[in-house]
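Spelled out, the chains give:
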Amino acid sequence: MARTFGTDCLKQRKTRRRSQQGEFAALKLLYDLSVRNVSTNNLAEVMEDVLDIAIILSEADMGTLQLWDNTTGGLKIAAQRGFAQPFLDFFADVRAGQGAVCGEALALRQRVVVEDVGKKTNFVGTPNLAVMQAAGVGAVQSTLLVSREGRLVGMLTTHYRAPRPAADMNLAFFDLLASQAADIIAQVQAQQALKTSEEKYRQLFESMNEGFAIIEMVFDDDGRPVDYIMRELNPAWERQAGISKERILGKRVTEFLPVVEPVWFERYGEVVTSGEAKIFEEYNVSLDRWYEVHAYPLHRDNRFAVIFTDITERKQLELKLREHHESLERLVEERTRQLERSERLYRTLVENIPITICRMDRDYRYRYLSPATEKDYGTKGEQIIGKSWDELGYDEAKVGEWRKCFEQAAETGMAVKFEFELSDNKTGSQQYYEAQVVTEKDELGKVESFLIVSENVTTRKLMEQQLRHSERHYRTLVENLPVFISRYDKDLRFIYRSLQGETYKLGRENTSVVGRTWADLGVPETTYRPWQKKFNEALSSGRILEFETQYPNQNGEIRDLLLRIVPEKNGAGQVESLLSVGLDVTERKRTESELMRLDRLNLVGEMAAAIGHEVRNPMTTVRGYLQMLERKQELAGYGEQFRTMIGELDRANVIISDFLSLAKNKAVALESRSLNEIIDALLPLLRAEALRTGYDIQADLGEVPAIQADDKEIRQLILNLARNAFEAMETGGRLTIATGAEAGRVVLTVRDTGHGMPQELVDKLGTPFVTTKENGTGLGLPVCYRIAERHGGKIGVQTSPSGTTFKIIF
Ligand code: ADP
Ligand code: MG
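Read on for a plain summary of the structure. (Residues numbered from 1 in each chain as written. Chains lettered and ligands numbered in written order. Predicted model: local features only at pLDDT ≥ 70, side-chain atom pairs only at ≥ 80, totals over all residues. Heavy atoms only, no water.)

**A short note on helix 6 (residues 127–134)**
Owing to its 3.6 residues per turn, the α-helix brings residues three or four apart onto one side.
Then, number 1: Along helix 6, the residues that are buried comprise Asn128, Leu129, Val131 and Met132. For helix 6, the angular spread of the buried residues around the axis is 165°, confining them to a single face. Seen from the buried face of helix 6, the exposed residues on the opposite side, beyond 90 degrees, are Pro127 and Ala134.
Then, number 2: Each element contacted by the buried residues of helix 6 is listed here: helix 4 (85–90) and strand 5 (139–146).
Then, number 3: Remark: Gly136 follows helix 6 within two positions and exhibits a positive phi of approximately 80°. (Buried < 20%, exposed > 50% of the residue type's maximum accessible area, 1.4 Å probe, protein only. Helix = DSSP H or I, 4+ residues; strand = E, 2+ residues; numbered from the N terminus. Arc of directions from axis to C-beta. Contact = heavy atoms within 4.5 Å.)

**Focus on the pattern of salt bridges**
Then, number 1: The final tally for this structure, using the stated rule, is 53 salt bridges.
Then, number 2: A salt bridge links Asp69 to Lys76, with the shortest nitrogen-to-oxygen separation between them at 2.7 Å.
Then, number 3: Look at Lys76 and you get partly exposed, because its relative accessible area is 33%.
Then, number 4: Among the charged side chains, a salt-bridge network with shared partners connects Glu281, Glu292, Arg314 and Lys315. (Salt bridge = Lys/Arg side-chain N within 4 Å of Asp/Glu carboxyl O.)

**Considering the site of ligand 1**
Then, number 1: Near ligand 1 lie 22 residues; those nearest to it are Asn724, Asp752, Thr771, Thr772 and Lys773.
Then, number 2: Note that an oxygen atom of ligand 1 is positioned 2.4 Å from one of the side-chain N or O atoms of Thr772.
Then, number 3: For ligand 1, an oxygen atom lies 2.7 Å from a polar atom in the side chain of Lys773.
Then, number 4: Considered on its own, ligand 1 offers 520 Å² of accessible surface; in the complex 95% of this is hidden by protein.
Then, number 5: Most atoms of ligand 1, that is more than half of them, are within 2 Å of grid points of the second largest pocket.
Then, number 6: Tallying contributions element by element places helix 22 (residues 711–728) first for the shell around ligand 1, with four residues.
Then, number 7: Looking at the shell around ligand 1 residue by residue, the classes come out as 10 nonpolar, nine polar and three charged. (Near = heavy atom within 4 Å. Polar contact = N/O pair within 3.5 Å; in protein donor to acceptor, adjacent residues only side chain to side chain. Areas by Shrake-Rupley, 256 points an atom, 1.4 Å probe, with all protein chains shown as cover. 1 Å grid on protein atoms, 1.4 Å probe; cavity = no way out; pocket = protein on both sides within 12 Å on 5 of 7 lines; lining within 4 Å. Sits in = over half its atoms within 2 Å of the grid points. Nonpolar A, V, L, I, M, F, W, Y, C, P; charged D, E, K, R; others polar.)

**Remarks on a negative patch on the surface**
Then, number 1: On the surface, Glu323, Glu326, Glu329 and Glu333 cluster together into a negatively charged patch.
Then, number 2: By secondary structure assignment, the location of Glu329 is in helix 12 (residues 312–352). (Patch = residues over 30% accessible without salt bridge, like charges linked within 9 Å, V, L, I, M, F, W, Y side chains within 5 Å. Lys, Arg positive; Asp, Glu negative; His and termini not counted. Charge placed at Lys NZ, Arg CZ, Asp CG, Glu CD.)

**Description of the sheet that holds strand 4 (residues 112–114)**
Then, number 1: Taken in spatial order, the six strands line up as 3-2-1-6-5-4 in an open sheet, and their pairing is antiparallel. Looking at strand neighbours, the two that pair on one side only are strand 3 (93–95) and strand 4, the edges of this open sheet. Sheet twist, expressed as the average angle between the axes of neighbouring strands with direction ignored, equals 25°.
Then, number 2: One ladder, built from seven bridges, connects strand 1 (residues 62–69) with strand 2 (residues 74–81); its direction is antiparallel. If you follow Asp69 over to strand 2, its bridge partner there is Gly74.
Then, number 3: The sheet strands contacting helix 3 (residues 43–57) are strand 1, strand 2 and strand 6 (152–160), and the helix crosses strand 2 at an angle near 75°.
Then, number 4: Of the strands in this sheet, strand 1, strand 2, strand 3, strand 4, strand 5 and strand 6 are in contact with helix 5 (residues 101–108), which crosses strand 5 at around 40°. (Pairing = 2+ DSSP bridges. Axes fitted to C-alpha atoms, helices over the stretch in contact; angles between N-to-C directions.)

**Focus: the packing of aromatic side chains**
Then, number 1: Per the stated rule, a full pass over the model turns up 29 aromatic pairs.
Then, number 2: Geometrically, the ring pair formed by Tyr268 and Phe280 is tilted, given 5.5 Å between the ring centres and 50° between the ring planes. In this pair, Tyr268 sits in helix 11 (residues 262–274) while Phe280 sits in strand 9 (residues 278–284), placing the two residues 12 residues apart along the sequence.
Then, number 3: Residue class for Tyr268 comes out buried when judged on its relative accessible area of 2%.
Then, number 4: Here the aromatic residues Tyr364, Trp389, Tyr394, Trp402, Phe406, Phe418, Phe420, Tyr433 and Phe450 are joined through ring pairs into a cluster of three or more.
Then, number 5: For Lys120, the ring lying beneath its charged end belongs to Phe123, and the centroid distance is 5.4 Å.
Then, number 6: Positioned above the aromatic ring of Tyr364, the side-chain terminus of Arg403 is 4.8 Å from the ring centre. (Phe/Tyr/Trp six-rings, centres within 6.5 Å; stacked < 30°, edge-to-face > 60°. Lys NZ or Arg CZ within 6 Å of the ring centre and 35° of its normal.)

That's the geometry; what it means functionally is another story.
Here's what the structure looks like:
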C-alpha cells in the first residue's frame, strides 16, 4: 500500500516538477504522515514512506534514512532508495566526522549540503568519494532527525546524480518532514523502550523472591496516615503474607488484617510525606519470619512501593550471633570481674605480706619486683629492673653462690633454698633473708625465668642470736651450780643433762646421753624402777615432786641424791618435758644422822649419869654381902646360886659402866699415845678369844703418828667393835685390824667377813639399845660412837653381805 503510494508520488514528481501542485501533494503527504497511527509494528513501513516523501520533496534521485544507535554512537541505515550493496555495506555504520556527508552532519549537529561531491576537497582521493561516485552520487544533503525534546534520532539523506546547487534542492518542506519523522520515530522508539522495560520489569516483578507491593497511603483530614490500600503486589508478596492477591487488592489494610500496627502507618506515611526512601525491619508474628522492608515513595497518588526481603535466616543467625556475643560478653565481664577481684586480693596480699617476690630472666636480670621488695630493699623498682647482680655491685663471691643455687634449680626443676644478707639502702642495717628459687618454664619446658621468694628473717635471726647468747649465759650458770640438771621427754629419754650429771656414772659425755633412757645407760632396773614411778607421777599430775634416792658416783661411792622433778608445760598446759634438779645430799645426810646419833647418845648419857651411881652403889653393897654369905659354912650348898647372883650383878654393873661412859661429860684423860701400841697390847687378848671361837685375826699396822687418846677408852672401842665382828662371823671368818694415815689423819679400820647389816640398821647404828641379838644390850656401838666423839673422831660404816668395815678417823 505504502509502496504503491510512494511509487505514485515518484511518478507525480517526474511529471510535475517544481509545480504548485507538487508542493501541495507534498503537504498532503506530510499531513497523511502526521495522522498515521504509527506503532512499533509499522515503524519500518513508515520510515520507507518518510524516505519516499523526502526524495520527492528534495527532488532527489536516491536517499537513505539512518537511525541513531545510542549504544554504539553510530548511524545505521534503516531505509534506502536507489543504492546497491557495496554502497550500503560501506556506509552501514557511520560515526561522527567519519568521511561521509552524514558523518559530517552528525559531527556538526547541523545539515550539511555538498553541491558537487567531486569538488569537495576533503573527499578527494578518499574511498568515500570513490564509493559515492561508483554509486553515481553527484550531490548530497544530510539533515538531522531531532525529536521535539531535542533528542537525535537519526539522519535523512538525499542524493542527486548530477551536481546541484543547494538552492535548487527545495528543502523548505524537507525540514518539516524531518521534524515530523523525528517525532514519529522518537515516539515509537519510546513506546518500544517502555514496552520492553515494562515487560522486563513485569517479569522481574512476578518472578522475584522479594515481596513487592505498590500501596496507596490514606491520610485523614488532618494529614495523618490512617490506613493504606494495596494497589499491586507480586506472587512473592502473596507467599510472604500468606494472603492471595484477589482477597486484598484494592482493599484497605484495616479491612483485611485483624490487627494493624500503628507504626506501619507512621513509617509508610513518612515515606510518602517526606518523599524519601526508608529501610526497616518487620517481623511477621503469624509466620514467625523477619523481613527487611525497603519503602520507596512513588511521588504519585500518595503511593509507595515496598520490597520485602526475607531475612529470617540472617536474623536468626544474627540473633544467635548476638546471643553468642552477649554470652561471650557476659563471660568476659564475669571473668574480668573475677580477675579484678583476684587481682585486688592478690595485690593486697602481695603488698602486705612480708615476703618479697622477684623474677629474674635467664640472664640473671631482674624483671619483676613485688611492692614488698621495694619496701624491704629500700630500693625503687626502676633502679633494679633490667639490671644484673654484677651491675648492682653485689659481692662476687655471694653472686657465685646464688648463681649455683639458681643453676641447681634450673637443672633439677625443684625449689632450691638459700640464705643471703643485704644491707638496707635506707638505714644501712644488715638484713637477713631466707629465699627459695624456682624456675618458670615456657611451653617447651625450657627455663624462661626464675622466681625468687624471699622472707626477711632479720628479726628472727637477731632473736635467735640473742637467745643463743642468753642460752650460753644460762648454761654457764647451770653448769657451775652445785646441782645437776637433766631434762627428759615424756618417754623419759634425756633431752639434756648438765655437766655435773657426769659425776653420776650415767655416760661419759653429755651428748652421749641425749635420746637415751636410764635402761639404755645401764642403770639397773631395781634402781630406776622407783625413779620411773616418781617421774611418771610428776608427768601425770603436772606437779613438782621431790624424792630421795641413791646412786653410785664415778668412784663407785653410793651417793644420796635429792631429786626435784619439775614438769614443764606447753601453752596448752600439757606437760611436754620434765626437768630434774638433783642435789647430792650425801654429806648433809651423814651430818644429820651423826647429829641425831649424838643427840640420842647425849640423852642416854645424861640418864646414865643421873641414875648410874644411885644404882651402882647399892649394887656394890649387895655384891659385898653376897661374897660374904657365899663363904658361910651353913650356906655351902648354895655356891652355884651365889656365883650366879654375883655374875648377874657384875653384868649389870658393866651395863651401868657402859651407860656412864655414854655420858657426854665423862672425864677422859687424853694423852699422846701410839695407836699401834694400844692395839699391840690388846692383841693377845683378842687372839685368845679368836682361838676359842675359831677365827683368824690379822693386824695391819701402818706408820701412824701419835694421837691424843685415853688408852682405856680406845681399848674399849676396839674390843666393842671386835666383839661385834666375832658375833657376825661364822667359824673361819677373819678379823682385820688396821691402822693408817689418810689425808693427814690417823685411821683405824676394823673389818670383818661377817654377814653385814641391812641399810635400815645402818641408819640406826649408834642408837642405844638397838640390837639384833638375843642377849645383846645395844650399847656397844653407842659407846664406840661416844668414844670416837670424845677423841674428836668420826665413825664410818661400809657393809655388804660379805662383810662390814668400821672406819674411825681421828
Ligand atoms: P649388841 O652387840 O649388844 O647387839 P651393839 O651396839 O654392839 O649391840 O651392836 C648393835 C647391833 O649392830 C648388833 O646387834 C648387830 O646387829 C649390829 N652389828 C654391830 N657390829 C656388827 C658387825 N661387825 N657385823 C654385823 N652386825 C653388826
Ligand atoms: Mg656389841
